[in-house]
Every structure is written in structure tokens, then in C-alpha cells.
Amino acid sequence: MPLEVLSALDKAKTQWYHFTAIVIAGMGFFTDAYDLFCISTVTKLLGRIYYYDPAMKDVPGSLPASVSSAVNGVAFCGTLVGQLFFGWLGDKLGRKKVYGITLMFMVISSISSGLSFGSTSKSVMATLCFFRFWLGFGIGGDYPLSATIMSEYANKKTRGAFIAAVFAMQGFGILGGAAVAILVSVAFDKAYPSPAFHLDPAGSTPPQADYVWRIIFMAGAIPAIFTYYWRMKMPETARYTALVEGNAKQAAADMTKVMAVPFPTDEQDKVDKIVSSESYPLLSMLFLRRHGLHLLGTTTTWFLLDVAFYSQNLFQKDIFTAVGWLPSGTKMSALEEVYKISRAQALIALCSTVPGYWFTVATIDYLGRFFIQLMGFIMMTAFMFGLSIPYYDLRGTPCDSGYCNGHHMTFIVLYAFTFFFANFGPNSTTFIVPAEIFPARLRSTCHGISAAAGKLGAIIGTFGFLYASQSSEEGKQDEGYPTGIGVRGSLIILACANALGVVFTFLVPETKGISLEDLSGENDDLSNKPVSRIDPEL
């Protein structure tokens, strides 16, 4: 018979504390997305400020290829390390003890990024990369801890929606980063108006523009600061206290306090039996027999998803230019360019990214994780092939106003639907499922491993495809880059990665409406039943 304290949690009605936990965990993800994606709003500005060459009066300054790769990708490297480290630490020390540490990394590193110092452009960029690595390190810890805490607090009926709601705050974080960049750039442009680059190359970037990117970075610390107090007041989850620490009485007392319902306190014998039977280490033969296919499924699908998801930014400039959202850099001042890049990012987030997340929240406990992930990968594959095969016809040919004679409305719709089905699809489910299918004492670690595989995919997408997407014709590459296979060829490879995601999704079981202990096999250990790896519904 399962532990009554955990069965009571599974059957508990949705209460105010559930929503409080969503907000507390979700604000961390708001901050995560703000910090990771706000860099794209100021990358062009950094190039204008620190790499402008007066001898090159016909083009604004831009970050060299190696610097651009480092500035955009170093936070992902930190995130990967943080996911592995804090995922492991969350199982060793407890979710609550580690939860506040990740937030402090984010607060300190956000502020420090804005204070990046140096007497030369190289030293400023090196300092910025250093602090953004540690920012990513803190962000990485938020992935396994937030997902695990929310899954262990939730009832089994609405668990998917609760975890998805935490992750959906990423959409608002992306939108928030764009909104702050818009407000700051507009305020500075009004206070320090400057001409377009082609009218006055040096004057198009006022000295005060150096404050803009710093303020945008530092603003990311504000939501994290306000969340810290409430994270420290959260009790340890009952599942960790009971199944890992082996303290049934404390687990019941903690849940009685926060959920205002009585929980049984006389289950120490059951807890002792589970703790003694659940002693196999990570990657042991018993672990691999019980959960090896699950871990392979969660890591491969998250990896393939992030290769495609983070690579989509590579052809944003073509889309934004084609539809007239982003004129040539020579026709804008530095602050106007920040504004227009941020506006375009906000429109994409508002029209496709945010709705995709919340469609998942609304439907995941009805449609199930497996269906949404499979559908998402299939639709992403279809839309990416739809973008890639006629790519140059959709984009049009280069002309003075950007790109002419293309099918720009179709172009932007296909792009938006690719993002929509990423978020109403595997971008949400790959976050949710690893927090449900592994045993409590390895749950945070396995989620961290799965998430780190995803970030490895993001690094490949950010670094590798930045080079691969360069034109195959000599002389048509961005400055500092070698020849590549072109945007069209890159998109075809990404569509194939999504198709592989469809295949590996079949390794991931459906978890809808099933208790965490049934999914992980911990109830089987208590009743001495054989462990089943895959849900019978599949």
C-alpha cells in the first residue's frame, strides 16, 4: 500500500499554496528567460560601441565572429554546468537548501554583467563573458530544482499544468526582456537623440548608449531579488523528506502546515522499507533496467529540440528584414536599432511563443505529454521543411529596402508557427517529463542530466549553426566567418533533427494522471511488485 501522506498529496484539491508555489518557481524562470534572451537585443549595440572602426565609414561596428559566439553562447555553457551540478546537489542536500543559492548566483551575476569593466573592448567583453557564465550557472540550477519541487508538491490530476505553468513564465521573461530594452532605448533616444549611421557614423552612437545595455542586464536581478524571500520560506517537499531523508513525521508536519489539511504521521515503517530498497546508484545495472530507456528518451529528445529551437534565431535577421521590421543598420542610429530589434522580438514572443506555452498549460492534463510532444515535433518538422525548401523564394532577393519579390506574409507565418509548436510541444514536455518518471532520490539529478543534454544541443545550435548558416559563395559571409552551407541547408538539417525527435519520443512514457511513486517504481518496492517501465496506455 502506498504512503498515505503522498497519496493525500496526489488527491489533494488545488489550493492557494499550489498557485503560490507556481509564482515562486515561475518567477525564477521569468528571470532565467530574461537573462538568457536579452543578450540578443543588445548584441548589435555592443558591436557599435566597442568595435566601430572609423576607417570603415560605410558599415557600423559589429562584434567579431569569435566574440559574438562567446557573448551569445557562454551563458549556455554555464547553464549546462549548473544543471548537472545543482541537479546532483538537489538530491544530496535537498531541494530547499539549494534553491536559494541558484537565485543568488542570478542576482549577483546579473548586476555584475551590467558592471563589466575594462580599459579595452577585449577586456570589457572578457569580463562580460565571465559574469554571464556564472549567470548561466545559476540559471542552470533553476531547471531541475523548479521542475522537481513543482512536481513533488502537485496533485496527480493537475501536475502537468502546474509544471507547465512554471515553465511558461519563460515566455513572459522573453517578453519582459524585450519590453525593458524598448523602454530603455526609447528613453535614452529621447534624452540623447542621434542621427542614422549613414548621416553621421560616429554620432549615430552617443556615449550614453554604453549605459543602455548595462541597465538592461542589471534589470534582470529585480524579479530574482523579490523572489528570494519566498523561496526561503518554502518547506522541503514531502517526497524528499519522506523518501530520501526517511522522515515520515516531518513530511506530514510540513504538508499539514502549508496545505491546511491533516496528513497521517504514523508511516515510518513504510518509509524505512522504501529507503532501504531504493539503494541502487545512478547508472547501475538496476537503474538502467528500470530507467535506462527513460533517461535515453528524455536526453535525446531535449537535445534534438534545443538544437532546432535555439538555431531558429539564426535566420531572424532575414525574416525581420524581409517584412520591414528591421531596416539596414546604416539607416538607423544605435539606439533605434536596439528598439527595432526588441520590438520584433516582442512581437514574435507575443504572437507565437507565449500562446504556445499556455496552450500546453491548458491541455496537457487532457491530451497528455506524449501526444503533445509527438505532435509538436511533427509540426516543427513540417513547418521547417516548409520554410527551408522554398526559403529564397519566400525571403525574396536583396534590394535597397531589404528583400523584394518574396512571399513575406507566408514567411513570417511559417516562422511563427514553428515557434508556436515548439512551445505547444517538446519545449514544454521535455521539461515536464523528467521531473515525473525518476525516483525521488535521483529525480533532480536525472532532470539535470536531461536538461544539460538540451543545453548541449543549444550550444551546438548557437555556435555550430552560426557558422554552418553562412553562405556557400565566397565573399557573401558575415565578416569574420568562413563559408558554410547557407541558411536553407541549415534549416533542412534542423528539420531532420526534429524528425529524429519524433522517433525518440517513443522512448518516453505517458505520465498523465499517474502518481510519481507509481511512475518511478517506489510503490512497487513497497509492495514487492515487479517494476513496469512503460505505462500500459502506450
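About the criteria used
- Residues numbered from 1 in each chain as written.
- Predicted model: local features only at pLDDT ≥ 70, side-chain atom pairs only at ≥ 80, totals over all residues.
- Heavy atoms only, no water.
- Helix = DSSP H or I, 4+ residues; strand = E, 2+ residues; numbered from the N terminus.
- Rg over C-alpha atoms; globule rule 2.2 N^0.38 Å.
- Buried < 20%, exposed > 50% of the residue type's maximum accessible area, 1.4 Å probe, protein only.
- Contact = heavy atoms within 4.5 Å.
- Areas by Shrake-Rupley, 256 points an atom, 1.4 Å probe, with all protein chains shown as cover.
- Lys, Arg positive; Asp, Glu negative; His and termini not counted.
- Charge placed at Lys NZ, Arg CZ, Asp CG, Glu CD.
- Salt bridge = Lys/Arg side-chain N within 4 Å of Asp/Glu carboxyl O.
- Axes fitted to C-alpha atoms, helices over the stretch in contact; angles between N-to-C directions.
- Parallel < 35°, antiparallel > 145°, perpendicular 65-115°, else oblique.
- Left-handed = near helix turned anticlockwise from the far one by under 90°.
- Nonpolar A, V, L, I, M, F, W, Y, C, P; charged D, E, K, R; others polar.
- Patch = residues over 30% accessible without salt bridge, like charges linked within 9 Å, V, L, I, M, F, W, Y side chains within 5 Å.
- 1 Å grid on protein atoms, 1.4 Å probe; cavity = no way out; pocket = protein on both sides within 12 Å on 5 of 7 lines; lining within 4 Å.
- Points joined across faces, edges and corners; volume = space filled by probe spheres on them.
- Expected span 1.5 Å × (residues − 1).
- pLDDT = per-residue confidence, 0-100.
- Phe/Tyr/Trp six-rings, centres within 6.5 Å; stacked < 30°, edge-to-face > 60°.
- Lys NZ or Arg CZ within 6 Å of the ring centre and 35° of its normal.
- Core = buried A, V, L, I, M, F, W, Y, C linked by side-chain atoms within 4.5 Å.

Let us look at the overall build of the chain. When helices and strands are tallied, the chain shows 23 helices and two strands. Relative to the globule expectation of 24 Å for 538 residues, the C-alpha radius of gyration of the chain, 24 Å, shows essentially globular dimensions. Within the chain, buried positions represent 61% of all 538 residues. Of the contacts made within the chain by residues no fewer than 6 positions apart, 81% connect residues no fewer than 24 positions apart. Total accessible area computed for the chain in this model is approximately 20,500 Å², and 67% of it derives from carbon and sulfur atoms. Both charge centroids of the chain, one from 39 positive and one from 40 negative side chains, sit 2 Å from each other.

Applying the stated criterion across every chain, the model contains 13 salt bridges. Between Asp10 and Arg239 there is a salt bridge whose closest N-O contact spans 2.9 Å. Here Asp10 is found in helix α1 (residues 4–11), whereas its partner Arg239 is found in helix α10 (residues 238–243), with 229 residues between them in sequence. As far as the burial class goes, Asp10 and Arg239 line up, both buried.

Where helix α3 (residues 39–50) meets helix α6 (residues 121–153), the axes come as close as 11 Å, and the angle between the chain directions of the two elements is 160°. One finds that α3 runs roughly antiparallel with respect to α6. Read as a crossing pair, α3 and α6 show a hand that is right-handed. Mapping the contact onto sequence places Ile39, Leu46 and Tyr50 in α3 and Ser121, Val124, Met125, Leu128 and Arg132 in α6. For the contact of α3 with α6, the class distribution of residues is six nonpolar, one polar and one charged.

What follows is about a nonpolar patch on the surface. A surface patch of nonpolar side chains, about 320 Å² in accessible area, is lined by Ile111, Leu115, Met218 and Ile225. By the secondary structure assignment, Ile225 is in helix α9 (residues 221–233). Judged by relative accessible area, Ile225 falls into the partly exposed class, the value being 47%.

Another aspect to go through is the packing of helix α2 (residues 16–37) against helix α7 (residues 159–191). Direction vectors running N to C along α2 and α7 enclose 40°, while the axes themselves pass 6 Å from each other. Taken as axis vectors, α2 and α7 run oblique relative to one another. Between α2 and α7 lies a crossing of right-handed hand. Counting all contacts with α2, which are made through His18, Ile22, Ala25, Gly26, Met27, Phe29, Phe30, Ala33, Tyr34 and Phe37, the residues of α7 involved are Phe162, Ala165, Val166, Phe167, Met169, Gln170, Phe172, Gly173, Ile174, Gly176, Gly177 and Val180. Here the contact of α2 with α7 is composed, by residue class, of 16 nonpolar, six polar and no charged.

Mapped onto the fold, Gly47 is located in helix α3. According to the relative accessible area criterion, Gly47 is buried, its value standing at 0%. Sequence separation of Gly47 and Pro60 is 13 residues, and the distance between their C-alpha atoms is 7.9 Å. When residues no more than four places from it in sequence are discounted, the contact partners of Gly47 are Tyr52, Gly61, Ser62 and Leu63.

This structure, assessed with the given rule, holds four cavities of 30 Å³ or more. Approximately 50 Å³ is the volume found for the largest cavity. In terms of lining residues, the largest cavity is bounded by Tyr143, Phe167, Gln170, Trp302, Asp306, Phe309, Tyr310, Asn427 and Lys455. Within the residue set of the lining of the largest cavity, elements represented by two or more residues are α7 and α13 (285–311).

Here α6 contains 33 residues, and its C-alpha end-to-end distance of 48 Å stays within 8% of the 48 Å for a straight helix at 1.5 Å per residue. The element α6 is largely enclosed, with a buried count of 26 among its 33 residues.

For the rest of this paragraph, the subject is the confidence of the model for the chain. Per-residue confidence for the chain gives a mean pLDDT of 86; residues scoring 70 or more make up 92%. Across the chain, element-level confidence peaks in helix α19 (residues 426–432) with a mean pLDDT of 96 and bottoms out in helix α23 (residues 522–527) with 63. In the predicted structure, residues 530–538 sits below a pLDDT of 50 and forms 20 contacts with residues beyond four places in sequence or in another chain.

Another point: the packing of aromatic side chains. One pass over the full model with this rule turns up 42 aromatic pairs. With a centroid separation of 5.2 Å and an interplanar angle of 75°, the aromatic rings of Phe85 and Phe86 are classed as edge-to-face. A ring pair is formed by Phe105 and Trp134, whose centres lie 6.1 Å apart and whose planes are at 20°; its orientation type is stacked. Taken together, the residues span a long stretch of sequence, with Phe105 in helix α5 (residues 95–114) and Trp134 in helix α6 at a distance of 29 residues. Judged by its relative accessible area of 26%, Phe105 is partly exposed. Accessibility expressed as a relative area gives 31% for Trp134, which makes it partly exposed. Ring-pair connections join several aromatic residues into one group, and the members of that group are Phe85, Phe86, Trp88, Phe105, Phe133, Trp134 and Phe137. One cation-aromatic arrangement involves Arg132 over Phe217; the distance from NZ or CZ to the ring centre is 5.5 Å.

Okay, the nonpolar core next. Counting 112 residues, the largest nonpolar core has Tyr143, Met150, Met234 and Phe431 as its most contacted members. Beyond its immediate sequence surroundings of up to four residues, Tyr143 is in contact with Phe29, Leu36, Thr79, Gln83, Phe167, Gln170, Trp302, Tyr310, Phe431, His447, Ala451 and Lys455. If you look at the next biggest cluster of nonpolar residues, it comprises 28 residues, including Tyr51, Met125, Val184 and Phe217.

Attention now moves to the environment of Gly386. Along the chain, the position of Gly386 falls in helix α16 (residues 369–388). With a relative accessible area of 26%, Gly386 lands in the partly exposed category. Along the backbone, Gly386 and Ile492 are 106 residues apart, and their C-alpha atoms lie at a distance of 9.6 Å. The residues contacting Gly386, other than those within four sequence positions of it, are Leu394 and Leu414.

In this section: the environment of Ala126. With respect to the helices, strands and loops of the structure, Ala126 is situated in helix α6. The exposure class of Ala126 is partly exposed, given its relative accessible area of 48%. Residues Ala126 and Val67, spaced 59 residues apart in sequence, show a C-alpha to C-alpha distance of 8.8 Å.

Here we take up unusual backbone geometry. For Leu283, which is not glycine, the phi dihedral falls at a positive 65°. On the secondary structure map, Leu283 appears in the loop between α12 (268–277) and α13. With a relative accessible area of 53%, Leu283 lands in the exposed category.

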